[in-house]
Amino acid sequence: MELVAIGGFAVAFAGAHSPTGTDWLRFAILAAGATVHIQLTQRQEERRRNRTKTVLIDLIAVWVFPAVLVLPTTLTVLLVVLIRVQRWFTARRPAHNFVFSSISHSLAAALAGLVYGSLGPHDWHTITALGSLREFGYVLVAAAVYEGVQLLYVGGILALSDPNPTLRNVLGSKADNTIEAITTGLGAVTAVLVVTMPPSVAIMAVVTVFFNRLAELDQLQDDVVTDPKTGLLNMRGWSESAERALTRVRRADGSLAMLMIDLDHFKWINDTFGHPAGDDVLGAIAKALGEVTRPADIVGRFGGEEFLVLLPDADAAAAEVAAERVRNTIAALEIDTTDKRGAQTTVTGRTTSIGVAVYPRHASTLQGLMQAADAAVYEAKENGRNQVRFADAAGG
């Protein structure tokens, strides 16, 4: 991928004009703003990066995207390099990962600048009402290229390196892409300011510091409702989401179903292979649940080796199909892990006992559905495990 990027840089640099004095001045303004932003948010960024093991959305588009719009490609890439050199001291990632990320930012900026320049010429000082609308469209095209190249470049590697890639793993979550879109939009505003009123770029430096704080707070809120071992919702987060879903179904006079999934003989895994292996099994099962459920389904960890899945707009027949799909998927998993001595091993043949409760057939409240599904789980275990059982009678 990095060799491919060299070709992209060559094409982009070939079409770039030589920097003028104005270009260097704008470069200095953007570099200064980015430096203020990075230095004032260093501790926040360290905390954000330490809380996540996944791809983290950097906020440098606020400074890079305006360079795409107003600077020649050579200066745009130089700005990315200056920003990333400063970011190195807070990234604390393996060098090859950091270099790859830096190249992805640079390539996206270079190609977006090439596309935007080919749509020109651009003169923001003399744009008419119609011209402003046309120029806005050009900016949207450049933003789409900037975001699209990063998604393809980084997402391509993630898809190749993950044996079971999902859209979320490859393209990022909705929240990730929303943050990226907002920072790119702020970058477009910064471009307008650096061209029409350069001193006011200082305001954007303050805005970016504030936005960085908001991103950290959003991550903290996610941490409160997320189970750290599996990445699924914890009981607090799951209950809040499930209550909202139940309220919507109740208003629509619809139905929903709940699956309570209990891993059979989970203690045997911890005793035989060790607790790290148990954590690997939990993580693999959480990932599998995310792959075999619908986007609207609400998946959470109940505690220990138990999971909960709420299926909005699902009747008993749909719930049975979903439960059997979950049971069969988990039974087919081959989970690479380590034993107590650290040697590589594979855990296979894990079975589950699944209890199913349906609203309003078995209960009319979330707590009642959980109790009904839990009773069905115990019935499944008493009857030999590795099976799906429905709740018997209506609850509260």
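What counts, and where the lines are drawn
Residues numbered from 1 in each chain as written. Predicted model: local features only at pLDDT ≥ 70, side-chain atom pairs only at ≥ 80, totals over all residues. Heavy atoms only, no water. Helix = DSSP H or I, 4+ residues; strand = E, 2+ residues; numbered from the N terminus. Buried < 20%, exposed > 50% of the residue type's maximum accessible area, 1.4 Å probe, protein only. Patch = residues over 30% accessible without salt bridge, like charges linked within 9 Å, V, L, I, M, F, W, Y side chains within 5 Å. Areas by Shrake-Rupley, 256 points an atom, 1.4 Å probe, with all protein chains shown as cover. Salt bridge = Lys/Arg side-chain N within 4 Å of Asp/Glu carboxyl O. Phe/Tyr/Trp six-rings, centres within 6.5 Å; stacked < 30°, edge-to-face > 60°. Lys NZ or Arg CZ within 6 Å of the ring centre and 35° of its normal. Pairing = 2+ DSSP bridges. Polar contact = N/O pair within 3.5 Å; in protein donor to acceptor, adjacent residues only side chain to side chain. Contact = heavy atoms within 4.5 Å. Core = buried A, V, L, I, M, F, W, Y, C linked by side-chain atoms within 4.5 Å.

The protein goes by Diguanylate cyclase in an unreviewed UniProt entry, where it is assigned to Prauserella flavalba.

Student: Describe unusual backbone geometry, naming the residues involved and giving the relevant values.
Tutor: With an omega of 0°, the peptide bond running from Y359 to P360 counts as cis. In this model, D313 sits at a positive phi of 60°, which is unusual for a non-glycine residue. Mapping D313 onto the fold places it in the loop between β3 (306-312) and α14 (316-331). Of the residues examined, D313 reaches a relative accessible area of 62% and is grouped as exposed. One non-glycine residue, N386, lies in positive phi territory at about 55°. Tracing the sequence through the fold places N386 in the loop between α15 (366-382) and β7 (387-390).

Student: Outline a nonpolar patch on the surface, listing residues and values.
Tutor: A contiguous nonpolar patch, built from W24, L78, V81, L82, V85, W88 and F89 and spanning about 660 Å² of accessible area, is present on the exposed surface. Element by element, the count of residues in the nonpolar patch is highest for helix α5 (residues 73-91), at six residues. Tracing the chain through its elements places W24 in helix α2 (residues 21-40).

Student: Can you break down the pattern of salt bridges residue by residue, with the values?
Tutor: All chains considered together, the criterion is met by nine salt bridges. Of the charged contacts in the structure, one is a salt bridge between R236 and E240, with a shortest N-O distance of 3.5 Å. Of this pair, R236 and E240 both sit in helix α11 (residues 235-251), four residues apart, which is roughly one turn of that helix. For D297, the salt bridge identified is with R294, shortest N-O distance 2.6 Å. The exposure class of D297 is buried, given its relative accessible area of 10%. With relative accessibility at 37%, the residue R294 sits in the partly exposed group. Linked through salt bridges whose partners overlap, the residues forming this network are D262, D264 and K381.

Student: Describe the packing of aromatic side chains, naming the residues involved and giving the relevant values.
Tutor: This structure, assessed with the given rule, holds six aromatic pairs. Centroid distance F100 to Y153: 4.9 Å. Interplanar angle 15°. Geometry classified as stacked. You can see F100 sitting in helix α6 (residues 95-118) and its partner Y153 sitting in helix α7 (residues 129-161), a full 53 residues away along the chain. With 5.6 Å between their ring centres and 90° between their planes, W268 and F273 make a pair best called edge-to-face. Its relative accessible area of 13% is what places F273 among the buried residues. Positioned above the aromatic ring of F98, the side-chain terminus of R84 is 4.3 Å from the ring centre.

Student: Go over the pairing of strand β5 (residues 344-348) with me, naming the residues and quoting the values.
Tutor: In the sheet, strand β4 (residues 334-338) pairs with β5 via five bridges, with the strands oriented antiparallel. The partner of T338 across the bridge, within β5, is Q344. The antiparallel hairpin formed by β4 and β5 contains five residues in its connecting segment, where G342 sits at a positive phi of about 85°.

Student: So what's going on with the side chain of D227? Which residues, and what values?
Tutor: You can see D227 is positioned in the loop between α10 (201-224) and α11. We classify D227 as buried; its relative accessible area is 10%. Looking at D227, its side chain comes within polar contact range of the side chain of R301, at 3.2 Å. Ignoring sequence-local partners within four residues, the contact set of D227 consists of L232, L233, N234 and R301.

Student: A description of the nonpolar core should follow, citing residues and the corresponding values.
Tutor: One finds W63, F65, L69, V70, I83 and Y146 to be the most contacted residues of the largest nonpolar core, which totals 49 residues. Residue assignment for this core shows that the elements contributing at least two residues are α1 (2-14), α2, α4 (61-70), α5, α6, α7, α9 (174-196) and α10. Among the elements that line this core, the one with the most residues is α4, at nine residues. Excluding residues that lie within four positions of it along the chain, F65 makes contacts with V139, A142, A143, Y146, T184, G187 and A188. V292, F307, A323 and V358 belong to the second-largest nonpolar core, a separate cluster that totals 33 residues.

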